[in-house]
Amino acid sequence: MTNARQVLTFGTRDEMADFMVEKWAALSGEAVEKRGRFTAALSGGETPVLFYLRLASAGERLSWKNTHLFLADERFVSLDNADSNYHLISETLLKNVPIPAGNIHAVPAGESDLQLAAAKYEEEIIKFFALPAGVFPEFDLIMLGMGADGHTASLFPGDIILNDTRHIAAPVSYDKVKHDRITLTLPVINNARTVIFLVSGKAKVSVLRGVADDRDPRFPASLVNPQKGDLLFLADAEAAHL
Ligand code: 6PG
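Here the structure is a predicted model, which is why all the values come from computation and not from measurement. (Residues numbered from 1 in each chain as written. Predicted model: local features only at pLDDT ≥ 70, side-chain atom pairs only at ≥ 80, totals over all residues. Heavy atoms only, no water.)

(A) Representation of the overall build of the protein in the model. For the protein, the count of helices and strands is seven helices and ten strands. The C-alpha atoms of the protein give a radius of gyration of 17 Å, which matches the 18 Å a tight globule of 242 residues would have. Its C-alpha atoms give the protein principal-axis dimensions of roughly 45 × 45 × 40 Å. The long-range share in the protein, meaning contacts at least 24 apart out of those at least 6 apart in sequence, stands at 77%. When the accessible surface of the protein is summed, it comes to about 10900 Å², and 51% of that surface belongs to carbon and sulfur atoms. (Helix = DSSP H or I, 4+ residues; strand = E, 2+ residues; numbered from the N terminus. Rg over C-alpha atoms; globule rule 2.2 N^0.38 Å. Contact = heavy atoms within 4.5 Å. Areas by Shrake-Rupley, 256 points an atom, 1.4 Å probe, with all protein chains shown as cover.)

Here you go:
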């Protein structure tokens, strides 16, 4: 495998979203051809919205029936809550494409208990990938965002979950965010075939530098370093400070 690490910058968010659609088409085409299915974990936040909308109108060249979608992280709220990542992805993408309901692997965040929801999500992933004990899934693609504090998925600076080498999905209670969360862990992210960060806006200038150029370990996003796969940072001109 190539194991490339690249930063690509775009004049506008539109250009970044269009590039991401082409990248998705290429990765999914290759995965379906080689393995019969495409597995991707998606993030919430504002940055990917334009991409989700564009992907929804990318047409019939995408094999939705062979695409399985997961969440890189989720807020511990019901799936119809405006803060739910599933809700966001559903409104912008899922409702507008012919993906079978069984191919959408939402985090069961409607559960009454945070630990239980994380455990059930982990079980769902183990079952889907038919994983033997102690083996991590290999997602074809994990799409991530980056917070100004360096968080990615729901991996926050200084959080104990950053040291988790055992779980696939973990509960997160972090006092600086509004909701508890459930997140894929670093070993899962670092086992993906391709990891792509989408980074946009002025507020991300210093964190993007700190992560992409300096690998500043204070930023959890710097700990993303796929062992066998490719790592791509897509940034708009504002975030890249062009
Ligand atoms: C979430 C995320 C989170 C997000 C970053 C960047 O649920 O909020 O998955 O990790 O990707 O906070 O968010 P923006 O794209 O809004 O800057």
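We are not done yet, so read on.
(B) Geometry of the sheet that holds strand β8 (residues 181–184). In spatial order, the strands read β4-β8-β7; together these three strands make up an open sheet with antiparallel pairing. Each edge of the sheet is formed by a strand with only one pairing partner; in this case those strands are β4 (73–75) and β7 (169–172). Strand after strand, the sheet turns through a mean of 15° between neighbouring axes, direction not considered. Of the strand pairs in this sheet, β4 and β8 are connected by three bridges, and their pairing is antiparallel. Residue pairing across strands places E74 opposite I182, the latter belonging to β8. Contacts from helix α4 (residues 114–129) reach β7 and β8 within the one sheet, and its direction differs from that of β7 by about 165°. (Pairing = 2+ DSSP bridges. Axes fitted to C-alpha atoms, helices over the stretch in contact; angles between N-to-C directions.)

(C) The packing of aromatic side chains, seen in detail. Summed over all chains, the structure comprises twelve aromatic pairs. Between F10 and F19, the ring centres sit 5.2 Å apart and the planes meet at 50°, which makes this aromatic pair tilted. A relative accessible area of 10% means that F10 is categorised as buried. With a centroid separation of 5.6 Å and an interplanar angle of 50°, the aromatic rings of F51 and Y52 are classed as tilted. (Phe/Tyr/Trp six-rings, centres within 6.5 Å; stacked < 30°, edge-to-face > 60°. Buried < 20%, exposed > 50% of the residue type's maximum accessible area, 1.4 Å probe, protein only.)

(D) Main features of the site of the ligand. What surrounds the ligand is a group of 15 residues, the closest being T47, D73, R75, A153 and K204. At a separation of 2.6 Å, an oxygen atom of the ligand approaches a polar backbone atom of A153. Isolated, the ligand exposes 420 Å² of accessible area, and the fraction of that covered by the protein chains is 88%. Grouping the amino acids of the shell around the ligand by side-chain chemistry returns two nonpolar, eight polar and five charged. (Near = heavy atom within 4 Å. Polar contact = N/O pair within 3.5 Å; in protein donor to acceptor, adjacent residues only side chain to side chain. Nonpolar A, V, L, I, M, F, W, Y, C, P; charged D, E, K, R; others polar.)

(E) Layout of the nonpolar core. One finds W24, F51, L93, F139 and I142 to be the most contacted residues of the largest nonpolar core, which totals 79 residues. In this structure, F51 is in contact with A17, M20, V21, W24, M143 and L198, ignoring residues within four places of it in sequence. (Core = buried A, V, L, I, M, F, W, Y, C linked by side-chain atoms within 4.5 Å.)

(F) Focus on unusual backbone geometry. In the Ramachandran plot, A130 falls in the positive-phi region, its phi being about 50° despite a non-glycine side chain. Structurally, the position occupied by A130 is in the loop between α4 and β6 (141–144). Using a relative accessible area of 62% as the deciding quantity, one classes A130 as exposed. At A153, a residue that is not glycine, the phi angle is positive and equals roughly 45°. Within the element layout of this structure, A153 appears in the loop between β6 and β7. For A153, a relative accessible area of 8% puts it in the buried group.

(G) Geometry of the side chain of S84. Relative to the helices and strands, S84 resides in the loop between β4 and α3 (85–92). Given a relative accessible area of 1%, S84 falls into the buried group. Within the local environment of S84, its side chain forms a polar contact with the backbone nitrogen of Y86, the two atoms lying 3.1 Å apart. In this structure the side chain of S84 is engaged in a polar contact, spanning 3.0 Å, whose partner is the backbone nitrogen of H87.

(H) Representation of the environment of P98 in the model. Assignment of secondary structure puts P98 in the loop between α3 and β5 (104–105). The exposed category is assigned to P98, whose relative accessible area is 63%. Taking the C-alpha atoms as reference points, P98 and E60, 38 residues apart in sequence, are found 9.3 Å from one another.

(I) Examining the side chain of H105 more closely. Along the chain, H105 falls in strand β5. With relative accessibility at 5%, the residue H105 sits in the buried group. At a separation of 2.6 Å, a polar atom in the side chain of H105 contacts the side chain of E124. With sequence-adjacent residues up to four places away left out, H105 is seen in contact with H68, L69, F70, L71, Y121, E124 and F128.

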